[in-house]
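# Observations on chain architecture
The lines below spell out each chain.
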Amino acid sequence: MAHVELSLSEAFVPAARASTEPESDNVGQWSSTVSRADEPCLLIDADTRVVAISTAGCELLCLGEPAGLIGRPLLDGGLRLLDFTANRGELTEAEIDKIPPLLALSSGRLARGLLRVQAASADSSDATVDAISTPVLTDGTVAGSLTFFSEV
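Named according to an unreviewed UniProt entry, the protein is PAS domain-containing protein originating from Micromonospora ureilytica.

Here it is in structure tokens:
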């Protein structure tokens, strides 16, 4: 017959963090992570302003330096998205609303899609990136979206 021994010990309960800093919400916590990330990623708030973007994200999306984008609306910060036709036209307003970072904001769900980003210079080729976005919640409501990019 098998012999089973059971011992009980006190459960480890981590101390609650009670921060009074203004960046103690979920968006603020993700902001510092995105800013330091080696991966191409972007964090926008509910008003579509750039809260944080990694250096790799700026390079992949042809956006210059992160400091120049913080606080600016995502689409006014130099991001030029093109359609996948041979004409390479800029996306219409209806199409813009369906890009993953904005779709995650409006739907409150994960969003994924391909984006064609206009090259920074005329002699470079456009970049095609896979974007995966998730809504960022604060107190149960969508306060922003976090997007990771991968070149295709």
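### Details of the nonpolar core
Judged by nonpolar contacts, the single largest core of 23 residues is most densely connected at L81 and F149. Every element with two or more residues in this core is listed here: β1 (41–45), β2 (50–53), α2 (55–60), α4 (100–107), β4 (111–117) and β5 (127–138). It is β5 that provides the largest number of residues to this core, a total of three residues. Grouped together as the second largest cluster of nonpolar side chains are nine residues, V27, L43, A52 and A143 included.

### Digging into the sheet that holds β1
Strand order in this open sheet of six strands is β2-β1-β6-β5-β4-β3, and the pairing throughout is antiparallel. Only two strands of the sheet have a single partner each, and these edge strands are β2 and β3 (81–82). Most of the contacts of helix α1 (residues 26–36) go to β2, to which it runs at about 35°, and overall it touches β1, β2, β5 and β6 (141–151). Strands in contact with α4 are β1, β4, β5 and β6; relative to β6, the strand with the most contacts, it is inclined by about 155°.

### A closer look at the pattern of salt bridges
Evaluated as defined, the whole model comprises five salt bridges. One salt bridge connects D47 with R49, and the closest N-O pair in it is separated by 3.3 Å. Taken together, the shared-partner salt bridges connect D45, D47 and R49 into one network.

### Some words on the environment of L74
In this fold, L74 is placed in the loop between α2 and β3. If near-sequence neighbours (up to four positions away) are discounted, L74 is found in contact with L42, I44, T48, R49, V50, L79 and P101.

### With respect to a nonpolar patch on the surface
On the surface, a nonpolar cluster with roughly 330 Å² of combined accessible area is contributed by F84, L114 and V152. Assignment of secondary structure puts F84 in the loop between β3 and α3 (93–96).

### As for α1
Buried residues of α1: V27, G28, S31 and V34, and no others. Along the long axis of α1, the arc covered by the buried residues comes to 125°, so they all point the same way. Lining the buried residues of α1 we find β1, β2, β5 and β6.

### Some points on the side chain of S133
Positionally, S133 belongs in strand β5. Polar side-chain contacts of S133 include one of 2.6 Å to the side chain of T147. With residues up to four places along the chain from it excluded, the contact list for S133 reads P100, P101, A104, R109, L110, A111, L146 and T147.

What counts as what
- Residues numbered from 1 in each chain as written.
- Predicted model: local features only at pLDDT ≥ 70, side-chain atom pairs only at ≥ 80, totals over all residues.
- Heavy atoms only, no water.
- Core = buried A, V, L, I, M, F, W, Y, C linked by side-chain atoms within 4.5 Å.
- Buried < 20%, exposed > 50% of the residue type's maximum accessible area, 1.4 Å probe, protein only.
- Helix = DSSP H or I, 4+ residues; strand = E, 2+ residues; numbered from the N terminus.
- Pairing = 2+ DSSP bridges.
- Contact = heavy atoms within 4.5 Å.
- Axes fitted to C-alpha atoms, helices over the stretch in contact; angles between N-to-C directions.
- Salt bridge = Lys/Arg side-chain N within 4 Å of Asp/Glu carboxyl O.
- Patch = residues over 30% accessible without salt bridge, like charges linked within 9 Å, V, L, I, M, F, W, Y side chains within 5 Å.
- Areas by Shrake-Rupley, 256 points an atom, 1.4 Å probe, with all protein chains shown as cover.
- Arc of directions from axis to C-beta.
- Polar contact = N/O pair within 3.5 Å; in protein donor to acceptor, adjacent residues only side chain to side chain.

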